[in-house]
Amino acid sequence: MTTLLFKPVLAGLLAAGFLAAPLVQAADIKPRLIRFGYGLAEDSNQGRAVKVFADEVTKRSGGKLKVKGFASATLGNDVQMQNALIGGAQEMMVGSTATLVGVEKDFGVYDLPFLFSNEQEADKVLDGAFGQSLLTRLPAKGMVGLAYWENGFRNVTNTKRPITRFEDFQGIKLRVMQNPVYIEMFNSFGANAVPLAFAELFTALETRAVDGQENPVNTIQSSKFYEVQKYLSITKHVYSPWVVTVSKKWWDGLSRDEQKILQDAAVVSRAFERKDTRAEAMRSVSFLTQQGMQINKVSDAELKRMRDKAKPAFDRFAANGGGEVLKALQGALAQAR
Ligand code: TF8
């Protein structure tokens, strides 16, 4: 009985092995060094996922493709790296979709506040037709988008006072990403929004050039913002995606096999990154409390007031040609619910 069942399985495995071996050898893979830049510290959810991506690429290419990670914006801040990818001077990066607005304006749609209600919804929309179709805009602009990772829900920190109502934003000099939606949103809350590259943020906080900033708890931890910020207010005002991108100029010179390895490794690292980020976020709040941050959760009623206040950001986005992409995203969100 056992042998009867076992034989065909064994035969199948052998056949597969004999077939697979020549295929692997025939794969068109050249030795290449891939410079993969990112803005956060090596010891961050971003750094850990870049490492997983690199290991996966090594494994899948039999060691021919080597990914070297460059942490902490050592290859440049996000906007500079985007330009390096477009020019072909750098192969890969990961950064917020928010800074991509200089390349493709419609990416600003993700930055409109209070769109996503949870991570599962974000996964569906980003990995589904909507998110993927937005990525297909990139090649015409000189970049190729492989996968979305999670940056996460953003929260506000500052040195002045806890944010419990939108009135508390009044007069706070708040660093935001280089993106008009953020500038508009926080100015409509009464803050004084200051666009600044992430690479300059720690120093700006330390020297009190700005009073506060907003980022997911993971980043507040990994970038040690708790050393220079007192109050953390849980607002979850925006779900911020990261996107793994490749230089189109360089990508076009790769074989199909090489492209597939990078694409598959990006998807594997995506699963790792989201799991890791979510697990870390659960621990971050108590870590940050231990570091002396004063943390408050903003009430739903107050968040609703903030959402109403942010209406001009939506109107302006639609008026500036974003109406269609906003409608498409809202449709995708409705479907994901
Ligand atoms: C920001 C972003 C950054 C990330 C990272 C540098 O506040 O959230 O933390 O995009 O890739 O600038």
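Residues numbered from 1 in each chain as written. Predicted model: local features only at pLDDT ≥ 70, side-chain atom pairs only at ≥ 80, totals over all residues. Heavy atoms only, no water.

The name given to the protein in an unreviewed UniProt entry is TRAP transporter substrate-binding protein, and the organism recorded there is Vogesella aquatica.

1. Here's the deal with the site of the ligand
Keep this limit in mind: Near, as used in this document, describes a residue that has one of its heavy atoms within 4 Å of the molecule or strand being considered. In the analysis that follows, any N or O atom pair within 3.5 Å is treated as a polar contact, provided that within protein one partner can donate a hydrogen and the other can accept it, and provided that, for residues neighboring in sequence, both atoms belong to side chains. Exposure was quantified through the Shrake-Rupley algorithm and a 1.4 Å probe, taking into account, for residues, occlusion by the shown protein chains and nothing else. Polar here means any residue outside two lists: the nonpolar Ala, Val, Leu, Ile, Met, Phe, Trp, Tyr, Cys and Pro, and the charged Asp, Glu, Lys and Arg; Gly therefore counts as polar.
The environment of the ligand is made up of 13 residues, and the closest members are Gln46, Ser96, Arg154, Arg175 and Asn215. Residue Asn151 places a side-chain N or O atom 2.9 Å away from an oxygen atom belonging to the ligand. For the ligand, whose free accessible area comes to 320 Å², the fraction covered by protein is 98%. Split into classes, the residues belonging to the shell around the ligand amount to four nonpolar, six polar and three charged.

2. So, the packing of aromatic side chains
Convention followed: Here is the rule: rings of Phe, Tyr and Trp (six-membered ring for Trp) pair when centre to centre is within 6.5 Å. Planes less than 30 degrees apart are stacked, more than 60 are edge-to-face, and the remainder are tilted. Segments assigned H or I by DSSP are reported as helices when at least four residues long, segments assigned E as strands when at least two residues long, and all are numbered from the N terminus. The classification of residues rests on relative accessible area computed with a 1.4 Å probe and restricted to protein chains. Under 20% of the type maximum is buried, over 50% is exposed, and intermediate values are partly exposed. We count a charge as sitting over a ring when the NZ of a lysine or the CZ of an arginine lies within 6 Å of the ring centre and within 35 degrees of the ring normal.
Scanning the entire structure with this criterion turns up 13 aromatic pairs. Ring geometry for Tyr226 against Phe287: centres 5.4 Å apart, planes inclined by 80°, an arrangement best described as edge-to-face. One end of the pair, Tyr226, is in the loop between helix H8 (217–222) and strand S9 (231–234); the other, Phe287, is in helix H10 (residues 256–290), with 61 residues separating them in the sequence. Note on Phe287: relative accessible area 24%, which makes it partly exposed. Of the aromatic side chains, those joined through ring pairs into one cluster are Phe107, Tyr110, Phe130 and Tyr148. Sitting over the ring of Phe70, Lys68 keeps its end group 5.0 Å from the ring centre.

3. Some points on the pairing of strand S6 (residues 173–176)
Counted only if it meets this: In this description, strands pair whenever DSSP reports at least two bridges between them.
For S6 and strand S7 (residues 192–195), the ladder comprises four bridges, and the chain directions are parallel. Along S7, the bridge assignment pairs Leu174 with Ala193.

4. Some words on the pairing of strand S2 (residues 65–70)
The condition is simple: The definition of a right-handed crossover adopted here requires that, viewed with the strands pointing away, the path from the first strand over the helix to the second runs clockwise.
For strand S1 (residues 32–38) and S2, the ladder comprises six bridges, and the chain directions are parallel. Bridge pairing links Phe36 to Gly69 in S2. Read from S1 through helix H2 (residues 45–60) to S2, the crossover connection turns out right-handed.

5. Side note on the pattern of salt bridges
Here is the rule we go by: A carboxyl oxygen of Asp or Glu within 4 Å of a side-chain nitrogen of Lys or Arg is what we treat as a salt bridge.
If you walk through the whole model with that rule in mind, you get 26 salt bridges. The partner of Lys141 in a salt bridge is Glu104, with the nearest N and O atoms 3.0 Å apart. Within this pair, whereas Lys141 is found in the loop between helix H5 (129–135) and strand S4 (143–153), its partner Glu104 is found in the loop between strand S3 (92–96) and helix H4 (119–127), the two being separated by 37 residues in sequence. A relative accessible area of 9% means that Glu104 is categorised as buried. One salt bridge connects Arg274 with Asp123, and the closest N-O pair in it is separated by 3.4 Å.

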